[in-house]
Amino acid sequence: MKPLKIAALACALLTPLTVTAAAHASAYPVKNPVLVKNALYQAGPLPTTTCNDLPDEPMTPAEARTYINEALRCLENTWGQHLKKAGLPYEPVKVRYVTRLPKNYCASEDGETIQPSTVWYCDWDRTLSFKIGKYWLLGPITGLDLFNTIAVTYGYHVQKQAGLYDAGEDLRAGSKAEHLEQGRRMYQQVECLGAAFTKSVWPLPGKTARDWERVASSFYRDSAEYGKAANRKRWVKAGFRTADPASCNTWAAASSKVS
């Protein structure tokens with residue numbers, strides 16, 4: 001499977017997402033209990049914690065690493081507690097910093113991306129690979145956008161540990177439209193999970209409700225791969241409103257809610 005890529009545009013992620021159709025039959029409505037009744041949804045809201053040691057927006061690659069590492073420490077603290085409470089396995093995500101991915105890494109075709117600032121999650125080795133470019137260094141992206149990018153990408157690791165990732169991969173698509181819908185369910189779920197986490201550590205140092213509203217509303221165009229801007233906003237706002245993964249059950253939603 002190809003690595004899942006999150007580009008530096010935070011919520012407005014435009015790099016193609018690939019969700020591979022596999023051999024186990026399941027059509028909408030999705031009936032696999034791992035997807036629609038996962039223990040992740042049953043453990044209540046995420047624990048309320050803080051991320052007060054988050055540094056200022058990075059200006060250098062070294063500062064970006066420090067920022068990312070601190071954000072991940074907060075993520076591990078919160079999700080580790082929640083996964084254990086839900087009776088699900090927990091292991092910290094592996095992290096590495098790269099200038100480019102090795103060829104064929106995690107089934108990548110070319111080991112590279114045109115994005116100057118990018119993060120990949122590879123489910124094969126449960127690793128986040130960060131490529132730090134100028135876009136993350138006090139460019140058009142702000143610290144809250146970067147924070148959200150990290151939180152959303154970590155959502156794939158949460159899905160992997162909860163069994164959602166593999167169960168989603170095992171769905172058979174009866175058509176291209178259904179294949180795309182399955183991908184949107186997975187992708188819109190991680191956007192929601194990222195927002196739920198952000199609410200659990202809110203407020204962040206130096207950030208305001210207006211800062212978050214700008215991030216949560218930064219969807220400007222519809223996409224067959226990721227979904228309509230209105231639906232993506234709806235899932236993000238649901239996650240932030242409740243801080244509860246139960247609000248992120250895209251697999252039990254009607255097709256119109258993930259279109």
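The protein chain has the name Metalloprotease in an unreviewed UniProt entry, where Nonomuraea turkmeniaca is given as its organism.

*Asks:* What exactly am I supposed to notice about the state of the cysteines here?
*Replies:* Here a disulfide denotes one covalent bond, and it connects the sulfur atoms of two cysteines. The final tally for this structure, using the stated rule, is three disulfides. Across the disulfide from Cys106 sits Cys122; the S-S distance is 2.0 Å. On the sign convention where negative means left-handed, the S-S torsion of about 95 degrees between Cys106 and Cys122 marks this disulfide as right-handed. Of this pair, Cys106 sits in the loop between strand S2 (94-97) and strand S3 (118-122) while Cys122 is found in strand S3, placing the two residues 16 residues apart along the sequence. Neither residue differs from the other here; Cys106 and Cys122 are each classed as buried. Between the sulfur atoms of Cys192 and its disulfide mate Cys248 the distance is 2.1 Å. Since a negative S-S torsion denotes a left-handed disulfide, the Cys192-Cys248 link at about -75 degrees is left-handed. With a gap of 56 residues between them, Cys192 in helix H5 (residues 176-200) and Cys248 in the segment after helix H7 (229-242) connect regions that are remote in the sequence. Accessibility expressed as a relative area gives 0% for Cys192, which makes it buried. Assessed through its relative accessible area of 0%, Cys248 is described here as buried. Each bonded cysteine of the protein chain gets a number by its place in the sequence, and the pairs then read 1-2, 3-4, 5-6.

*Asks:* Please clarify how the packing of aromatic side chains should be interpreted in this entry.
*Replies:* Geometrically, a pair of aromatic rings is defined through the distance of the ring centres and the angle of the planes. Enumeration according to the criterion identifies seven aromatic pairs in this entry. An angle of 50 degrees between the planes, with centres 4.4 Å apart, marks the rings of Tyr187 and Tyr226 as tilted. Taken as a pair, Tyr187 in helix H5 and Tyr226 in the loop between helix H6 (209-216) and H7 lie far apart in primary sequence, 39 residues in all. Tyr187 sits in the buried class, given a relative accessible area of 1%.

*Asks:* Teacher, can you tell me more about unusual backbone geometry here?
*Replies:* Across residues other than glycine, the phi torsion is negative in most instances, and most of the peptide bonds are trans. Following Trp202, the chain continues into Pro203 via a peptide bond in cis, with omega recorded as 5 degrees. The backbone phi angle of Arg126 is positive, close to 55 degrees, even though this residue is not glycine. Note on placement: Arg126 falls in the loop between S3 and strand S4 (127-131). Judged by relative accessible area, Arg126 falls into the partly exposed class, the value being 23%. Even without being glycine, Ala243 reaches a positive phi, approximately 55 degrees. Within the secondary structure, Ala243 sits in the segment after H7.

Cut-offs and rules
- Residues numbered from 1 in each chain as written.
- Predicted model: local features only at pLDDT ≥ 70, side-chain atom pairs only at ≥ 80, totals over all residues.
- Heavy atoms only, no water.
- Disulfide = S-S within 2.5 Å.
- Helix = DSSP H or I, 4+ residues; strand = E, 2+ residues; numbered from the N terminus.
- Buried < 20%, exposed > 50% of the residue type's maximum accessible area, 1.4 Å probe, protein only.
- Phe/Tyr/Trp six-rings, centres within 6.5 Å; stacked < 30°, edge-to-face > 60°.

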